[in-house]
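What follows is the residue order along each chain.
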Number of protein chains: 2
Amino acid sequence: MSLIVQKYGGTSVGSPEKIEAVAEKIAHMHGQGHQLVVVVSAMSGETNRLLKLSAEVHEQPSAREMDVLLSTGEQVTIALLCMALQKRAVEARSYTGQQVHILTNNVHGKARIQSIEADRVRKDLAKGRVVVIAGFQGVDSEGNITTLGRGGSDTTAVAMAATLSADECQIYTDVDGVYTTDPRIVPEARRLDRITVEEMLEMSSLGAKVLQIRSVEFAGKYKVPLRVLSAFEDGPGTLITYEEKEMEQAQISGIAFNRDEAKLTILGVPDQPGVAYNILGAVANADVNVDMIVQNVGEDGTTNFTFTVHRSEFQQAQTILQKLARDLKAREVSGDDKIVKISVVGVGMRSHAGVASTMFKALADEGINIQMISTSEIKVSVVVDEKYLELGVRALHTAFELDQVVEK
Amino acid sequence: MSLIVQKYGGTSVGSPEKIEAVAEKIAHMHGQGHQLVVVVSAMSGETNRLLKLSAEVHEQPSAREMDVLLSTGEQVTIALLCMALQKRAVEARSYTGQQVHILTNNVHGKARIQSIEADRVRKDLAKGRVVVIAGFQGVDSEGNITTLGRGGSDTTAVAMAATLSADECQIYTDVDGVYTTDPRIVPEARRLDRITVEEMLEMSSLGAKVLQIRSVEFAGKYKVPLRVLSAFEDGPGTLITYEEKEMEQAQISGIAFNRDEAKLTILGVPDQPGVAYNILGAVANADVNVDMIVQNVGEDGTTNFTFTVHRSEFQQAQTILQKLARDLKAREVSGDDKIVKISVVGVGMRSHAGVASTMFKALADEGINIQMISTSEIKVSVVVDEKYLELGVRALHTAFELDQVVEK
């Protein structure tokens, strides 16, 4: 008998029929003797319906009232799911974030969880009840309703699991696990049985957006065993682990990519202390998020400085750089928004040399020119022309033998 | 400067546009320097939408989860109304029943208010804020969400007004006040400037369903000045008072009627102690609600016993009576569901003789046969054939000169 926290997203509970299907799944597991705490999101479409209502009343509504409004979405789901469980003779109790006292700070719309009172939940579990909790929401120290921001239900589930020292936190989604890369690009992409939390973080931020990053960080901090699995089909999903992998494992877990980036270069900047700060400071002040940053060794006392931004902020960043180039007496500014970033991710590369060279050779063999390179301990990323995205990802997937099933 | 509690029902807040109109009204009053607490219902249609969702999941959902579900309706409205007020530069704060701590007993679906913590509301008012409260809902001593039942928002408003010792509790509806009778039947029907709480209770229960009866009783208990007025047009509405009227006033305030009743008679029952209990006990045990009860002086040691029930329970009551007639050795059972009840209501009749005779003469003059008569201190009710409803109401409205404007 295990204590399991499960989380079902908006698509999984998007209609009364789907809620019944989820209830069926829960009733089955409950029947096997597991203690279950279930965190749910608003039914898909509901949040947008509420946002539309508020937009008709106020273009920029107050964050406090927006939280009061949006938090009704999950409240509807918890009630309906409990009803569906009760129909199956499973005793169930619903709680809003306020009721189970998920205490957060007072940053409406993106509050952070500070503590959870779990006594009530533990008592219900002891009585054999399934506890159903509204995700995404909490309450601040003054009793105001707060929300954790989009995707916050994952965080609620992880926080509940940490508080209850659950045996596992299961995140049910519309995919059946984490893949070596996007199966729409590489049909041979394989579901990973396990992935380390560090790898997961790199995969998430790079585009394999299965879980909200914050919930993965949170899970890592409290070592909550986290499993991603499908709400619609049976299967083991992918377990996110906190141990180093064994010796024999593959170096690389997956190939991630991101098509939302654009590249900007400022050329011939005087190579002096403080130049990087001057450039990035100006960009950050304009609230433009920067991803990769590369500065090469310069010559003639000047250097070239390149970074990537989200494509939607490309024009804005370019304007800032052009002004800056005049102030810094730089030679010129160039930019390109027809690029993609491709990364190989794996904790295995820590102890294995040669990942980067395998990567660069695979790309070179396909005639793909690399425009930028950036590395971390468990990741190597390159920027290439966007037309090479599919070709590059497939070449790397094959080069690292990710389509071959390996026992882990 | 007054402290006013206002309540807007579902129709008044049925769309973003209507919510804006309500906000406009509130902003205007707030600008005049009044302190305002506003209680709102769910947007019209919302409760039915939620009921439909639950019906798809469970035919007989648990009352606890039903309350969790339904209470989201008002929560949406409070958020939207606050946003609309903030757009008009009026500082506003929303509270759910749970947040303002409207403590109720634990009877889900028809909970009764036990207390309200008003400190937070008072602090907001002192800061010049408009306080917007979700009607219809509260929380029990264990923190479970409860609802007061349909129409409970009126009760919330009256309870808030009582707790805050408000100068007035204004109930905004789709009618502009309480009328001497239904204007659809008597075009000359007149809006009453004032009505006593006792009269209002008799009028409410008899079909002029402007306010939820419980909220009127509640208002009477705490002497909350209650005013019914239109959410859509300006006007003074009708003030519900607690004083006896002045000497010169009319004897009768209004003509009420009810078309939902049916009549049952058990004839030739042995006239013995306990017979009324035998009959009514059996009916009450079957959860059939009884309205009028008339027992005549009998002859030959037997008596006739007549009462009225809701038409929807006529068949059921008849079946019970037929069984009972055999047990009691009564002669026969007769019934009629083609009847209506017409009542004249007014505290003035306490001190004036002749109301009943004026009433009976007016009906006789129109050739209307009276089937049953029942009286209370401030009401005389008769049962007549349903075909005489309009004729009877008009005749009485004229006979008591209700179409003539009198200064009160």
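Please read all numbers here as calculations on a predicted model, not as lab measurements.

Asks: So what about the overall build of chain A? Which residues, and what values?
Replies: The helix and strand inventory of chain A stands at 12 helices and 20 strands. Here chain A has a C-alpha radius of gyration of 24 Å; the compact-globule value for 408 residues is 22 Å, and the two agree. In terms of principal-axis extent, the alpha carbons of chain A reach across some 75 × 55 × 35 Å. Expressed as a percentage of contacts within chain A between residues at least 6 apart in sequence, the contacts between residues at least 24 apart total 75%.

Asks: So what's going on with the sheet that holds strand β18 (residues 339–345) of chain B? Which residues, and what values?
Replies: Residue and element names in this part refer to chain B. Reading across from one edge, β13-β18-β20-β19 is the order of the 4 strands in this open sheet, with antiparallel pairing throughout. At either margin of the open sheet sits one strand with a lone partner, and together these are β13 (254–258) and β19 (372–376). Between one strand axis and the next, the sheet turns by 20° as a mean value, whatever way the strands run. Strand contacts of helix α11 (residues 355–365): β18, β19 and β20 (379–385), with the helix running at about 20° to β20, the strand carrying the most contacts.

Asks: I'd love a proper account of the relation of the copies chain B and chain A, names of residues and values included.
Replies: Taken as rigid bodies, chain B and chain A are interconverted by a rotation of 179° and an axial shift of 0.0 Å, the fit giving an RMSD of 0.2 Å. Look at the turn and shift together and you get a two-fold axis relating the two. Of the C-alpha atoms belonging to chain B, the one lying closest to the rotation axis is found on Thr 72 of chain B, 2.7 Å away. A shared interface surface links the copies, since 100% of the contact residues of chain B are contact residues in chain A too.

Asks: Describe the sheet that holds strand β17 (residues 332–336) of chain B, naming the residues involved and giving the relevant values.
Replies: All names here are of chain B. Read from one edge to the other, the open sheet built from 4 strands follows the order β15-β16-β14-β17, with strand pairing classed as antiparallel. The open sheet has two edge strands with one neighbour each: β15 (290–295) and β17. Across the sheet, the axes of successive neighbouring strands diverge by a mean angle of 15°, strand direction being ignored. By the bridge criterion, 5 bridges tie strand β14 (residues 261–270) to β17 in an arrangement that is antiparallel. Its bridge partner lying in β17, Leu 264 is registered against Gly 335. Across the sheet, helix α10 (residues 314–328) lies against β14, β16 (302–310) and β17, angled at about 0° from β14, the strand it touches most.

Asks: Let's hear about the interface of chain B and chain A: which residues, and what values?
Replies: If you look at the interface, chain B gives 29 residues, while chain A gives 29 residues. Of all elements in the fold, only α1 (16–31), α2 (46–57), α3 (63–70) and α4 (72–87) of chain B reach the threshold of two or more residues within the side of chain B that touches chain A. For the side of chain B that touches chain A, the element with the highest residue contribution is α4 of chain B, accounting for 11 residues. Each residue belonging to the side of chain B that touches chain A can be placed in one class, and the counts come to 15 nonpolar, 10 polar and 4 charged.

Asks: Quick one: what's the story with unusual backbone geometry, residue by residue and with numbers?
Replies: Residue and element names in this part refer to chain B. Despite not being glycine, Phe 136 shows a phi value in the positive range, around 75°. Look at Phe 136 and you get buried, because 29 C-beta atoms sit within 10 Å. Phi at Lys 329 is positive, roughly 55°, even though this residue is not glycine. Classification of Lys 329 by C-beta neighbours within 10 Å gives exposed; the count is 10.

Asks: Explain the pairing of strand β2 (residues 35–40) of chain B to me, using residue names and the numbers behind them.
Replies: Residue and element names in this part refer to chain B. Most of β2 is tucked away, with 6 of its 6 residues classed as buried. The two faces of β2 match: Gln 35, Val 37 and Val 39 on one face and Leu 36, Val 38 and Val 40 on the other face are all buried. Where strand β1 (residues 3–8) and β2 come together, 6 bridges link them in parallel fashion. Within the sheet, the bridge partner assigned to Val 5 lies in β2 and is Val 37. Taken together, β1, α1 and β2 form a β-α-β motif whose crossover is right-handed.

Asks: Provide a residue-level description of the nonpolar core, including the pertinent values.
Replies: With 228 residues, the main nonpolar core has Val 38, Leu 81 and Ile 133 of chain A together with Leu 81 of chain B as its most contacted residues. Here this core spans two domains, and each of domain 1 (3–174) and domain 2 (245–408) of chain B adds at least three residues to it. Beyond its immediate chain neighbours, meaning those up to four positions away, Val 38 of chain A contacts Gln 6, Tyr 8, Ile 26, Leu 81, Val 130, Val 132 and Ile 133 of chain A.

Asks: Account for the packing of helix α6 (residues 152–164) of chain A against helix α8 (residues 213–222) of chain A, naming residues and giving values.
Replies: Residues and elements named next belong to chain A. Where α6 meets α8, the closest approach of the two axes is 8 Å, and the angle between their N-to-C directions is 10°. With respect to α8, the axis of α6 lies roughly parallel. Where α6 approaches α8, its residues Asp 154, Thr 155, Val 158, Ala 159 and Ala 162 are matched on the opposing element by Arg 214, Ser 215, Phe 218, Ala 219 and Tyr 222. Residue classes in the contact of α6 with α8 are distributed as 6 nonpolar, 2 polar and 2 charged.

Asks: Report on the environment of Pro 225 of chain B, specifying residues and quantitative values.
Replies: Residues and elements named next belong to chain B. Structurally, Pro 225 is set in the loop between α8 (213–222) and β11 (226–230). As for Pro 225 and Phe 305, which are separated by 80 residues in sequence, their C-alpha atoms are 41 Å apart. Here Pro 225 is in contact with Glu 168, Cys 169 and Leu 239, once residues within four sequence places are set aside.

Asks: Tell me about the pairing of strand β9 (residues 168–173) of chain A, and name the residues and values.
Replies: Residues and elements named next belong to chain A. Counting buried positions along β9 gives 5 out of 6 residues, so the element sits mostly inside the fold. Pairing of strand β1 (residues 3–8) with β9, which is carried by 5 bridges, proceeds in the parallel orientation. Bridge pairing links Gln 6 to Gln 170 in β9. As paired elements, β9 and strand β11 (residues 226–230) share 5 bridges and run parallel to each other. Looking at the pairing, Cys 169 lines up with Leu 226 of β11.

Asks: I'd like to hear about the environment of Met 203 of chain A, residue by residue, with values.
Replies: Tracing the backbone shows Met 203 of chain A in helix α7 (residues 197–205). Measuring from C-alpha to C-alpha, the distance between Met 203 of chain A and Ile 102 of chain A comes to 29 Å, with 101 residues separating the pair along the chain.

Asks: Please provide a residue-by-residue account of helix α6 (residues 152–164) of chain B, values included.
Replies: All names here are of chain B. For α6, built from 13 residues, the straight-helix expectation of 18 Å at 1.5 Å per residue is met to within 8% by its first-to-last C-alpha distance of 18 Å. With 13 of its 13 residues buried, α6 lies for the most part within the structure. Immediately beyond the C-terminal end of α6, within one or two residues, lies Ser 165, with a positive phi of roughly 50°.

Asks: Which residues make up the packing of helix α11 (residues 355–365) of chain A against helix α12 (residues 389–399) of chain A, and what are the values?
Replies: Residue and element names in this part refer to chain A. The geometry of α11 relative to α12 is characterised by a closest axis approach of 9 Å and an angle of 130° between their N-to-C directions. With respect to their mutual orientation, α11 and α12 come out oblique. Two packed elements cross with a definite hand, and for α11 against α12 that hand is right-handed. Listed contacts from α12 to Thr 358, Met 359, Ala 362 and Leu 363 of α11 are Gly 392, Ala 395, Leu 396 and Ala 399. Its residues assigned to classes, the contact of α11 with α12 shows 6 nonpolar, 2 polar and no charged.

What counts, and where the lines are drawn
Residues numbered from 1 in each chain as written. Chains lettered and ligands numbered in written order. Predicted model: local features only at pLDDT ≥ 70, side-chain atom pairs only at ≥ 80, totals over all residues. Helix = DSSP H or I, 4+ residues; strand = E, 2+ residues; numbered from the N terminus. Rg over C-alpha atoms; globule rule 2.2 N^0.38 Å. Contact = placed C-beta atoms within 7 Å. Pairing = 2+ DSSP bridges. Axes fitted to C-alpha atoms, helices over the stretch in contact; angles between N-to-C directions. Least-squares fit on C-alpha atoms with pLDDT ≥ 70 in both. Nonpolar A, V, L, I, M, F, W, Y, C, P; charged D, E, K, R; others polar. Buried ≥ 20, exposed ≤ 12 C-beta atoms within 10 Å, placed from the backbone. Right-handed = clockwise from strand over helix to strand, strands pointing away. Core = buried A, V, L, I, M, F, W, Y, C linked by C-beta atoms within 7 Å. Domains from an automatic or database assignment. Parallel < 35°, antiparallel > 145°, perpendicular 65-115°, else oblique. Expected span 1.5 Å × (residues − 1). Left-handed = near helix turned anticlockwise from the far one by under 90°.

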